[in-house]
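Observations on the three-dimensional arrangement
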Amino acid sequence: MSTDPVAYRLPPKEDRARDSTYWHQAAASVPWNVRCFINGRYRASSSREVLEHINPASERSLYVGCCGSPDDVAAAVQVARSRFNDGCWSELPPVKRAEILTRLADLIVRNKESIALLDSLEIGKPIQAALYDAENSAPTLLRSCAGFADKVFGLSAPMSSGALAFNYYEPRGVVGAITPWNFPILNAIYKIGPALAAGNTVVLKPSELSPSSALKLAELALEAGVPDGVFNVVPGLGSTVGAALALHPDVSFLSFTGSTATGRRLMEMSGRSNGKPLLLECGGKSPQVVFEDVESVDAVADAVVQSLVFNQGQVCSAYTRLVVQQKIKDKLLAAIVERASNHKPADPLNDATTFGPLASPAQRDRVKRYVDQGIAAGAVPVLKGRIQESGGCFVSPTVFDRVTPSMSIVQEEIFGPVLCVQTFRTEEEAIDIANGTDFGLVAAIWTRTTGRGRRVAQAIRAGYVTVRSGGVEDSGSGCVLGHEPRKASGFGTEAGLRGLESYSTLKVVHFIGR
Ligand code: ADP
C-alpha cells in the first residue's frame, strides 16, 4: 500500500451519522493529491506546470494540481517496460492475476465513498450516481475482466503426422491508456481491467478534468497486490502527456476513449512513431428508433428522457436522436417534453440529486453554442433548457423539433442534455435516418414486431443495437459480450473475452519433425 502521507480515505460509514451536510463537510477535507504515480509511489512532475481545477457546481477553484510532462511519461514507460520484461505480472499464472484484480474490485467497493466524492467534486456528477459507479459499475466490470484472465484460449490446427501447430495469446507489453472525464473511475477500469487481466503493464493518462480517482485506483492496486510499476498514472494535458504516450516508441498498444478528432490525431502519432496498434472509442450520435406499434408511448418517453439526463447527457452512448414514426410523434414528443421539463439540475452533493451540472465551464459553453446554432439554423426548441452563465455549470434539457439532417445539432456530438427529434414514415426511411451521421456506436429500436426488429438491427451500422418492446434496460450484458464501434465511433473491442484479446497478441508455435 502507498505510504504517501496524504493518501486519502473517508471515515467508514458506521462512524458517522449521515445528514444532508455530510458530503459538503467531507468535500472540505479532501486532501487533493494530483501528482504522478510511477513505480508504486507518488512523485512530483519534472515540470513546474500546474493546473487549476474548477468545481463545476460552483465555478470556484477546487485545487491546484501537478501537470505531468513528456519526461514523466518517459519515466513511467521505462518503469512499465522493465516491469513487463521482468515478468512480475505478465508471467504470473492468470488465475493469480484474477485473484489480485478481484481483490482490487473489493477495495474499490470498500473505498466507494472517497472515490465517489473525488469524481463528484471534479466533474459535478451527482454523488449517488458516482457512488453507483464506484460500488457497482466499476467493480463489476473489473471482476468480469478478472474472470476472463484464464480463459483466453488459443487453437491448434489439424496437421500432417509429425507436425503440430498451435496458437496462443501473449500480452502486448506496455499499454498506454487515455481516458475522458465523463465516468472517471469506470473509464479507468475499462482500460486497466482488460489490459492488466491480459498480463500487460499500463501507463494511464486520465482526463485533466478528473485525474483523482485514477490516482486513488493506483494506490488501491498496490494494496491489492499489483506489483510496483505495473500500473502507473501520469496526470496532465492531452496535448503534452497524451501526445507523449501516443508518440512513445516503447508503448506497445494505445487505448483511447474520447473525441473522434483526438482519436484521429492519435492514429497519426502512432504512424509517426512505432506504428503501435490502437483501440479507439470515439463517441456517437446514437438513434433511438421508435415504431408506431410500441406497447407504451409512456415507457418510451421514460427511456428517452432517462438517456437525455443520465450523466447530464455526457455519455458517448447517449441516445441523442429520437427517430420516431410520424403517426405517434406528437403524442410521444408531448410525453417527453413533460418529463424532461421536470429535470432541473441541482447540487451534486445532495443525496437526492439525480441531475447535476455539466462537467466544466467549457462544456457548458459548448452546449450553449450548439443550442444557439440549432436555433439559428431553424430548428424549433419545443423545450429550451435554461443555461446558467456563471456560479455553476447548470444546464437544463433542451428538445429540438423540426431539425434537418445537415444541422450541426443532428450531426455532431454535443455531450449535453440536448435531444433532436427526426420523423419517418417507412422502415427504409427509419434506417436511412438512423445511419445518417458519421457515427456508429449504439442504437435502440422500439417495436413489437420481431421480424422488423431483427431487420432494422441488422441494417443499422452500430456496434450495439438494442431491440425493445418495453422493460428496463440491462446494460450488464454488454460488458460480457463485447462489441466494436463502427465508422467515426472508432474500432476495437473493450470488454468481455474479446476485450482481453484486444490487449493481447497471437503467436503460432509450429513443431515439425519427431
Ligand atoms: P473530450 O472532449 O471528451 O474531453 P478529448 O478527445 O478532447 O475528448 O479528450 C479525451 C482524452 O484525450 C483526455 O484525456 C484528453 O486529455 C486527451 N487528449 C486530448 N487531446 C489530445 C492529444 N492531442 N493527444 C493525446 N491525448 C489527447
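Further up the page is the structure itself.
Residues numbered from 1 in each chain as written. Predicted model: local features only at pLDDT ≥ 70, side-chain atom pairs only at ≥ 80, totals over all residues. Heavy atoms only, no water.

On to the site of the ligand. Residues in close proximity to the ligand total 17 residues, the closest being Thr-179, Lys-205, Glu-208, Ser-259 and Thr-262. Lys-205 places a polar side-chain atom, nitrogen or oxygen, 2.9 Å from an oxygen atom of the ligand. Take Ser-259: an N or O atom from its side chain is 2.8 Å from an oxygen atom of the ligand. Against a free-state accessible area of 540 Å², the protein chains account for coverage of 81% of the ligand. Sorting the residues of the shell around the ligand by element identifies helix 8 (238–247), strand 10 (253–257) and helix 9 (260–272) as the ones contributing at least two each. In terms of residue count, helix 9 provides more of the shell around the ligand than any other element does, 4 residues in total. (Near = heavy atom within 4 Å. Polar contact = N/O pair within 3.5 Å; in protein donor to acceptor, adjacent residues only side chain to side chain. Areas by Shrake-Rupley, 256 points an atom, 1.4 Å probe, with all protein chains shown as cover. Helix = DSSP H or I, 4+ residues; strand = E, 2+ residues; numbered from the N terminus.)

What follows deals with the packing of aromatic side chains. All chains considered together, the criterion is met by 9 aromatic pairs. Pairing Phe-183 with Phe-310 gives two aromatic rings, centres 5.7 Å apart and planes at 40°, and the pair type is tilted. With Phe-183 in the loop between strand 7 (174–178) and helix 6 (184–197) and Phe-310 in the loop between helix 10 (297–309) and strand 13 (321–325), this residue pair connects regions lying 127 residues apart in the sequence. Note on Phe-310: relative accessible area 41%, which makes it partly exposed. With centroids separated by 5.1 Å and ring planes inclined at 70°, the aromatic side chains of Phe-291 and Phe-424 adopt a geometry described as edge-to-face. With Phe-291 in the loop between strand 12 (287–290) and helix 10 and Phe-424 in strand 16 (residues 418–424), the pair connects residues that are 133 residues apart, well separated along the chain. For the pair formed by Phe-291 and Phe-424, the shared burial category is buried. Each residue in the set Phe-166, Tyr-168 and Phe-511 is aromatic and connected to the rest through ring pairs, giving one cluster. (Phe/Tyr/Trp six-rings, centres within 6.5 Å; stacked < 30°, edge-to-face > 60°. Buried < 20%, exposed > 50% of the residue type's maximum accessible area, 1.4 Å probe, protein only.)

Function cannot be read off these values alone, since they describe shape.
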